[in-house]
Structures are given as structure tokens and as C-alpha cells.
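Here's the letter readout for the chains.
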Amino acid sequence: MQKNKRLMRLSLLVFALTAMVTAMAGCAQKANHTKGVYMLVDTSGTYTEELNKAKAIINYLLGTLTPGDTMAIGRIDTGSFSEKDIVAKVTFDQRPSVANTQKRAFQKKVAEFVSKVKSSSHTDISGGLLQAVEYLNESGSGEKYILIFSDLKEELAKGHVRDVPFQLDDFNIIALNVTKLRDDIRDPKQYMQRVELWREKAEGGGGNWRLINDLERLDNIFS
Amino acid sequence: MPDATILFNITPVPFLSVLVWIFLSIAAMYFARRPFHDAMASLGRVIHNAMRVAAASVKSAQKRLDVRNREVLLAAGMEQAERRTEREFERIGTAVERNLKAYPQLQRQLRENLLRLEDDYKQSAEIPQGLSDWVKVIDAIAAIKPSGDPMVANILEDIHNTLKEQHKIALEGHRKAVSQRHGILSRMVPQWRATDKTLSGLEKAITDLTARSQAVDRCMTEYETVRIQSDAAERQLSSSSLTQFFTSGLVLGVFIIGAIINFNLVALPMSEMVGGASYIGAFRTSDVAGMFIVCLEVVVGIFLMDALRFTRLFSVIGCLDDKKRTWFFWILLIMLTILAGVESSLAFMRDRIAADMEALRQTLAGIEPSAVAASKIPTIGQMILGFILPFILTTVAMPFETFISSSRTVLGMTASWGLRALAFFLRLAGNLGYYLGRLVVNVYDLVIFPALWLEALVVRKMASASDEKNAEQDGSANRKTPMTILEEAAPCKKTND
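Predicted model, so just to flag it, every value in this text is computed and none were measured.

Novice: Would you explain the overall build of chain A in this entry?
Specialist: When helices and strands are counted, chain A shows six helices and six strands. Tracing chain A from N to C terminus, the helices and strands come up as α-β-α-β-β-α-α-β-β-α-α-β. Here chain A, with 223 residues, has 34% of them falling under the buried criterion. Summarising the internal contacts of chain A: among those between residues at least 6 apart in sequence, 81% fall at separations of at least 24.

Put into C-alpha cells, the structure is as follows:
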């Protein structure tokens, strides 16, 4: 009789422990705190001169992202809606030491890209944005960031159609280093209209729009 | 939406309208005065009584809590006194065991010493033989007067020589005997000293036992004071409890800082083991794992202290028999040492990961990686810290136990003060409600004072009219005719007719 009681107590204890472990594992699976960052780098026209700044931003991001996060760099050229335009991509390993090695390799790849990049004739920002959305949705990151390193002046090649509505729910769209063009200096309204146009596109798609021109304020990216 | 200005337009002149409204209002209030007074008096009484009842209830709860607090405090004091007395008894037991265990041997030694001393004394007491009887003969011969006879002179010469020889032999014998007695006496000296030393040891042991017994007496007196549940004991325990609460709280705070440092040592390397991207709820799994290790060390430390009987947080451990408890202690100590070793290696790993991260940051920032200092002292320091901290954290059990036991009393006292304050505020609210009701009644009367004044005037008039009427009636009743006066002046004489 006593043995039975003991067995019963033991089985109850095992059951409680199993339930606790399952619940904890459930919690561990449900929470998704990972970040996904896709940075679009404009390589059209004279904007290639700004690429060293882009490299500095990428390095900052590499230093900020943690194990489990995803990062990709895509170029904006004549037709950006293509996997070929993804310069480098990585999902950092869970272990910090392996993640550090991956970061070093990523940095090397970006440095090679910056040194060898050739400017494109057209600027397909919308295509790049669509590619970024697709990639980040596949990555399954908890927080999604698309950084657009461009002057935001879109120039589509003949025959390219980009009237697809953006689905940017839960996306943070951050425009970086939006330089003023020669025409903007003459007529600032053009610059404002350009920025406003992209803000409307981003927010119209359900995303959050931000503009960071001062690269000293990069710590605001993930705030 | 009705326009409020319509109220001022009931007559062509707004001022008149206002006067009319005031008059009507005062009239309405005058007629509603009695019910309003009654209502306000009732409300005041309701508030007053309700608050008094509530205050009485709270006061009763506070008294019950006070009794409970007293019980808890005295129970804690009793336990403490018991522990102290028990410890003193253990000490006295150890002292008795240590000092008096050798008592039979000591007694035997003393007896042997005394026997030896007695023997020596007897030996030293033997009196050497006196001079033989022939000395008297010689004395008799020596008394013979010289006659000048050479034969007698020769005989006397021989006797003299013999006497000298005999004297010499006797003196030597006497010296030898005295020397032997001195030898025996000098042999007695170390035995005296040994006896003295033994007796000194015994005296010291007895003094020690006396001091211990005095300490036990003190403990027993304290215990008795707590047992009879005197007010003095309660006050003393209460004060002691507050002091212990704040002191142990302070020490616990220091330990918490130590635990945080410990946690920081293990959290980063744990991400290398359990992954840095998984979460349990809102917390990183690596952080939870690091905290788990620190908590595990604290728990093992608490068990260890209980096994050593330094604390009594888990009575089951304290109640184990000594053999099992010793086994338990050694198992816990081994576990703690393993945990300390693990933490030390984690601290080493942390140092490596931190260095790697720093190098990466420098590379990303475009800075030439600085030459890493060749010194391994920081690494060794971290490893030593990682090894020592778990052992230091084990002692948290003692302030923790004190904090828990004293917090019961302190929380009880705080709750009692809170209830007392609540009872006071309830009584205050009751009185305020009662007097506010009276104030409102007075203000009400103040507002309708024209009507009241009018009423008083009318009542006075009516009263004076009534008085006059009554006076008239009384006057007519009291007015006496001359005949009546005469009748009163001349009393009626009763006749027999």
C-alpha cells in the first residue's frame, strides 16, 4: 500500500516536472526576439561615392546584432527585384563565438563588394524593397528592419513595372543618408516631395517610416 | 436645451425675478426645514455609528494581531533561548568530557603520588640509633680521680682512644643517616610538584566548568524570562527583532550584489552553451541558465549550513542522525566544489569571449586591434573570483534565516500599526461625519434666516398675545367682590345650630 502511494507521488512529481519543462520549452519557442535587417544600398550614378558610409553603417550593424539575428545586404541597381542583387546574407549562429566568425566573413564580403562595385544606369528602389520584404518574411525574424541607403530618387528602366502595393506590416523602413541632389538645392520642395512620397508608400503599406540623415545617430535605428 | 436665463425673466425686471426666486427658495427651504434637519441628523448618526463600528472591528482585529504577534515573538524568543541554552549545554558537555574524562586516571596518579610521599615520609622519619650503654660506664670511669698510677693512666688512655674511635664512627653513622633522610626528602620534591601540577589542572577545569555553569545559569534565566512571557521579555525581543531585521536586510543586500556579480560572470558564457537567441518568456535562456546556476549555489549553500546546524531553515536536515548528516554535508560540499569549478571555467570562457568580441568591435570600427596584454592576471583573477564566490554565497543562509524570522515579527508589528492608524482614521471620519451634519444644518438655518426670524417674530407676537389673554383671564378670576373680602376677613364660625 505504501509502495503504491510512493509510486503515485513519484509519478505525480515526474508529471509536474514534465509539464513544467514543456511549458518552458513552449515559452522558449513562442518568443521571437530576433531581428532581421535588410539593407538596400544604392549603386546607381554618383551615389557609389557614398558607399564607404554604407560600409561604416554595415559595420555598426554587425557590432550591434546578436546571435540568432539575420542580416542581408542588397544592391539597388537597374533591376533590384532579384536574388542576384543580394550581396551578402547571414543568420547568425546561436553561439557568440561562431556568430563572431560569421560577422568577420560578412564584413570581408561587404568590403570586397564596395571595392569592386560598378554604378548602374537606373535606380530600382521599389524592386529592392520588394526583394527585402520577401527575404525578411522568409527569415521569420521577430523585428524586421529595411534600411534604404539611397537618395530615394527612383529611375526605372523602360519596361519595368513597379506598381505592386507593398505589404509592409510589422516592417520598419528607415531611410539613411538621403542626400540632396543638385536640383534639390535649387528647389528643396523636390527633396521634401521625394521623401514624402516614400513615407506615404511605406506607411500606406502598413510599415513604420523613419529618416536618419545624421549618421552619428545610428543608435536610433533599433530604438 | 433649456435656457437658464428664462429663470430671470419670470417678471419684466430681472432683479425682481431673482428676488422672487430667492423668496420662493427660502420659503421652500423653510417648509422643508424639519425633514432636512431629521435627514441630516440621521445621516450624521449613520456615518458616526458606521465608522465607530468599523473602528471597533479594526481595533478588535488589531488586538488579535497583537496577541498573535506576541505569540510569534515569544515563540521565536523561546526558540532562540532554547538554542542558546542547548549550545551552552553542548559546550559544558564538551568541557566535562574533555576535562573530567581523565579524572579516574588523575585520581590514580594522585593516589600513587600520595602513597609515594607517605612511604618517603615514613622512611625519612626513622631515627638513627643512639649511643650505646657503655658511654655511661666510661662516664663513671672518667669520674675516677687520678691517683698517679701509670697503669690507671694507660687504661684511661686506652679508654680515651676507644672513645674517640667510637665517637668518630657514631658521627659518621649519624651523618650518613641524615644524608639518607635528605636524599629521601629531595626525592619527594618532584612528586610534590607533580601533585601540585595535577591539582592546578584540576582547579582550572573546575573553574572552567564553573564559568560554563554560570553561562548556563544566565541562559536559563533568559529562558525563564521568555517562558513566563513577561512584558520586559517582549519589549527586549521586539527591539532585538527590529535590529536583526535591519542588519540582516543590509547584509542580504550585500549578498544580492555579490549574486549579481556572480550572475554576470556566468551569463555570457552560458549563451555559448545554451544559445544566445532563445528566450523563456521575456528573458534570454542563457540569462535564466546563469541565474539558475547562481540560485543552485545559494540553495546548496543553505542546505550546507543546515547540515552544519548553523541554520535551521529545513528541520528535516537538522533532524537527520549524525552519520547521515555528515554524509549529506560531504555530498553537498562536493557538489558545491563542482559548481565552483564550473563557474571558474565559465569565468575563463567569459574572458575569452569578451576578448574576441572586443577584437571584432575594433575590426568593425576600422581600428587596428590593440595588442592584447600578455598578462593573464585578470583572467586568473576572474577564475579565482568565480571559484570563491559560490563558497561565499553559502553563508547567505545565516542572514537569510535571521531576515525571515525577524520579518515575521516586523511585518506583524507594521500591520498592527497600520490597523491602529486605520481605526484612528475611521473614528476621526465618524466624528467628522457627525459634526459635518450639524454644520450643514446650521448653514441651512443660516441661509433661511429671514424666514426663521419671521417665524420667531410671529411666535413672539403670538406668545405675548396669549400671555395677555391668559393674564386677563387670570385677572378676572382673581378679581374679588367686597362681599368676598369680608367673608375672607371674617371667618365663618361653625355653630351647633
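Let's pick the thread back up.
Novice: Help me understand the interface of chain A and chain B in this model?
Specialist: Think of interface size as the accessible area that goes away when the parts come together; that is how it is often given. With 20 residues of chain A at the contact, the number on the chain B side is 18 residues. Mapped by element, the contributors of at least two residues to the side of chain A that touches chain B are α1 (2-30), α2 (51-64) and α3 (96-116) of chain A. When the residues that make up the side of chain A that touches chain B are grouped by side-chain class, the tally is seven nonpolar, ten polar and three charged.

Novice: Help me understand the environment of Ser139 of chain A in this model?
Specialist: On the secondary structure map, Ser139 of chain A appears in helix α4 (residues 125-139). Beyond its immediate chain neighbours, meaning those up to four positions away, Ser139 of chain A contacts Gly36, Thr70 and Thr91 of chain A.

Novice: Which parts of the structure should I look at to understand the packing of helix α6 (residues 231-274) of chain B against helix α7 (residues 285-307) of chain B?
Specialist: Two quantities define a packed helix pair, namely the angle between the axes and the distance from one axis to the other. All names here are of chain B. At their nearest, the axes of α6 and α7 sit 7 Å apart, and the two run at 130° to each other. If you check the angle between α6 and α7, you find them oblique. The crossing of α6 and α7 is right-handed. Contacts between α6 and α7 involve Ala259, Asn262, Phe263, Val266, Ala267, Met270, Ser271 and Val274 from the first element and Thr285, Ser286, Asp287, Ala289, Gly290, Met291, Ile293 and Val294 from the second. Among the residues forming the contact of α6 with α7, the class breakdown is ten nonpolar, five polar and one charged.

Novice: So what exactly am I meant to see when it comes to the environment of Lys158 of chain A here?
Specialist: All names here are of chain A. As for its position among the elements, Lys158 is in the loop between β4 (143-149) and β5 (171-176). What makes Lys158 exposed here is the crowd of 5 C-beta atoms within 10 Å. When the C-alpha atoms of Lys158 and His122 are compared, they prove to be 9.6 Å apart, with 36 residues separating the residues in sequence.

What counts and what doesn't
In this numbering scheme, every chain counts its residues from 1 along its sequence in written order. A letter from A marks each chain and a number from 1 marks each ligand, given out in the order of writing. It should be noted that, the model being predicted, local features are given only for residues of pLDDT at least 70 and side-chain atom pairs only at 80 or more, the latter also being counted only at that level, while totals for whole chains, interfaces and linings use all residues. Going along the chain from the N terminus, every DSSP run of H or I of four or more residues is numbered as a helix, and every run of E of two or more is numbered as a strand. With C-beta atoms placed from the backbone, a residue counts as buried when 20 or more other C-beta atoms lie within 10 Å of its own, as exposed when 12 or fewer do, and as partly exposed for counts between those limits. Placing a C-beta atom from the backbone of each residue, one calls two residues in contact when those atoms lie within 7 Å. When residues are grouped by polarity, Ala, Val, Leu, Ile, Met, Phe, Trp, Tyr, Cys and Pro land in nonpolar, Asp, Glu, Lys and Arg in charged, and all others, Gly among them, in polar. In this analysis an axis means a line fitted to C-alpha atoms, helices contributing only their contacting stretch, and an angle means the value between N-to-C directions, from 0 to 180 degrees. Comment on the angle field: the value is read as roughly parallel under 35 degrees, roughly antiparallel over 145, roughly perpendicular from 65 to 115, and oblique elsewhere. In this scheme, a crossing is called left-handed if the near helix is turned counterclockwise away from the far one by less than a right angle; it is called right-handed if the turn is clockwise.

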